[in-house]
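Descriptive structure summary
This is what each chain is made of:
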Amino acid sequence: MILMGLLRVMMPPKLQLLALLAFAVAMFFLENQIQKLEESRGKLERAIARHEVREIEQRHTQYGLRERDSAAALSDGEDDLVIVYNRVPKTASTSFTNIAYDLCGKNRYHVLHINTTKNNPVMSIQDQVRFVKNVTEWREMKPAFYHGHVSFLDFTKFGVKRKPIYINVIRDPIERLVSYYYFLRFGDDYRPGLRRRKQGDKKTFDECVAAGGSDCAPEKLWLQIPFFCGHYSECWNVGSQWALDQAKYNLVNEYMLVGVTEELEDFVMMLEAALPRFFRGATDLYKTGKKSHLRRTSEKKPPTKESIAKLQQSAIWKMENDFYEFALEQFQFVRAHAVREKDGELYLLPQNFFYEKIYPKN
């Protein structure tokens with residue numbers, strides 16, 4: 001305003017009019033430029049907003065794709081699962097395997113019996129290679145549950161990327177031997193018409209022990225240790241401390257779960273919780289299914305305390321019993337962290353871990 005006043009004093013009227021007109025034009029131009037800047041700023045803000053929205057949508061899309069890929073990978077992983085149950089004779093293995101057969105159709109997996117010549121638990125090196133190749137590459141048979149009287153086989157020696165899941169069940173060594181002794185003579189209620197190798201021999205287990213017979217000798221107890229020890233020569237040397245140590249190592253490091261015959265229902269329950277892809281419905285089936293109850297050896301007579309005491313004097317029994325007690329303690333440890341008992345019933349514990357402090361914050 002001061003400038004306009006000075007112009008009126010110092011300038012003629014015509015020049016004052018021209019100056020005023022020029023000032024008005026300049027102000028109009030300035031306001032027009034300011035308006036254009038405001039419009040440009042608005043356009044820039046809208047463009048930035050659209051870019052941010054696209055980034056968010058892109059992140060959500062990528063996250064969704066990752067979730068889908070993860071789900072697909074999980075599904076593929078489950079469909080690629082293989083379980084190997086290298087079952088020890090006379091440990092309720094047939095009863096447990098029947099559960100797998102009963103569930104395979106509903107739960108969509110394959111069951112394959114490993115039938116070795118003369119039930120030889122040790123495979124030749126060429127058969128080991130064939131078996132490993134089948135288990136890892138036979139996609140048409142996956143997911144799969146393999147079972148058979150075969151000693152543990154270490155898949156890492158063959159350079160495979162993904163090993164199968166090993167499970168097993170063991171039994172008190174003397175009870176297992178007594179059951180096997182009578183099984184060879186009288187068979188069981190699973191296939192009662194099948195003729196057994198020792199059929200016709202009426203000698204009781206106690207009579208065999210008293211006479212020092214070969215079928216009830218302490219050396220016959222040596223079975224569960226070599227089954228867990230594996231395909232090493234030392235595993236089958238009766239009374240080998242190395243074999244016992246290796247069997248314990250494999251049980252802890254190579255087997256997902258090893259149950260005991262005396263607590264088979266708990267074993268089934270924990271497998272259902274850990275591997276529902278295979279064992280969904282297994283616990284109810286075990287409790288109610290006709291084929292799932294324990295297979296019973298015919299004409300079996302419990303041994304006397306004298307026969308048991310005589311076997312327990314053997315160093316072989318002490319080693320096999322050591323392994324059994326080791327397996328039982330490990331099983332009970334796993335069970336104590338998986339289930340609780342209430343009113344005589346077992347209940348699985350719910351998930352007791354969660355995730356927090358997840359970064360970065362997207």
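Every value quoted in this text rests on a predicted model; they were computed, and no experiment measured them.

Some words on the state of the cysteines
Counted according to the given criterion, the structure contains two disulfides. Sulfur-sulfur distance for the disulfide between C208 and C216 comes to 2.1 Å. Here the S-S torsion is close to -100°, and the disulfide linking C208 with C216 is therefore left-handed. Overall, C208 belongs to the buried group, its relative accessible area being 4%. One disulfide in the model links C229 with C235; its S-S distance is 1.9 Å. When the S-S torsion is -65°, as for the bridge of C229 with C235, the disulfide is left-handed. C235 carries the same exposure label as C229, and that label is buried. Along the chain, the cysteines that take part in disulfide bonds pair up as 1-2, 3-4, counted in sequence order.

Some remarks on the pattern of salt bridges
Under the counting rule described, the total for this entry stands at twelve salt bridges. We note a salt bridge from R335 to D266, for which the minimum N-O separation is 2.6 Å. Of this pair, R335 sits in helix α13 (residues 315-336) while D266 sits in helix α9 (residues 264-274), and the two are 69 residues apart along the sequence. As far as burial versus exposure is concerned, R335 and D266 are alike and both buried. Residues joined by salt bridges that share partners form a network here, namely D80, R139, K142 and R162.

Here we look at the confidence of the model for the chain
In the predicted model, the chain carries a mean pLDDT of 85, and the fraction of residues at 70 or more is 80%. Under a pLDDT of 50 for its full length, residues 71-75 has, in the predicted model, zero contacts with residues more than four places off or in other chains.

What about the packing of aromatic side chains?
This structure, assessed with the given rule, holds 23 aromatic pairs. The interplanar angle of 70° and the centroid separation of 6.4 Å between the aromatic rings of F155 and Y166 together place this pair among those described as edge-to-face. Of this pair, F155 sits in the loop between β3 (144-147) and β4 (165-170) while Y166 sits in strand β4, and the two are eleven residues apart along the sequence. Judged on exposure class, the residue F155 and its partner Y166 are both buried. Summarising the aromatic geometry, the rings of Y180 and F183 are spaced 6.4 Å apart at their centres and angled 25° between planes, so their arrangement reads as stacked. Placement of both Y180 and F183 in helix α5 (residues 173-186) is noted, with a separation of three residues, approximately one turn of the helix. Linked through ring pairs, F131, Y146, F152, F155, Y166, F228, Y255 and F323 together constitute an aromatic cluster. A cation over an aromatic ring shows up here: R185 above the ring of Y181, its NZ or CZ 3.6 Å from the ring centre.

A look at the packing of α9 against α13
Running from N to C, α9 and α13 point in directions that differ by 50°, and their axes come no closer than 11 Å. Overall, the two elements α9 and α13 adopt an arrangement that is oblique. For the crossing formed where α9 meets α13, the hand is left-handed. Residues D266, F267 and M270 of α9 lie in contact with α13, whose contacting residues are F331, V334 and R335.

What counts and what doesn't
Residues numbered from 1 in each chain as written. Predicted model: local features only at pLDDT ≥ 70, side-chain atom pairs only at ≥ 80, totals over all residues. Heavy atoms only, no water. Disulfide = S-S within 2.5 Å. Buried < 20%, exposed > 50% of the residue type's maximum accessible area, 1.4 Å probe, protein only. Salt bridge = Lys/Arg side-chain N within 4 Å of Asp/Glu carboxyl O. Helix = DSSP H or I, 4+ residues; strand = E, 2+ residues; numbered from the N terminus. pLDDT = per-residue confidence, 0-100. Contact = heavy atoms within 4.5 Å. Phe/Tyr/Trp six-rings, centres within 6.5 Å; stacked < 30°, edge-to-face > 60°. Lys NZ or Arg CZ within 6 Å of the ring centre and 35° of its normal. Axes fitted to C-alpha atoms, helices over the stretch in contact; angles between N-to-C directions. Parallel < 35°, antiparallel > 145°, perpendicular 65-115°, else oblique. Left-handed = near helix turned anticlockwise from the far one by under 90°.

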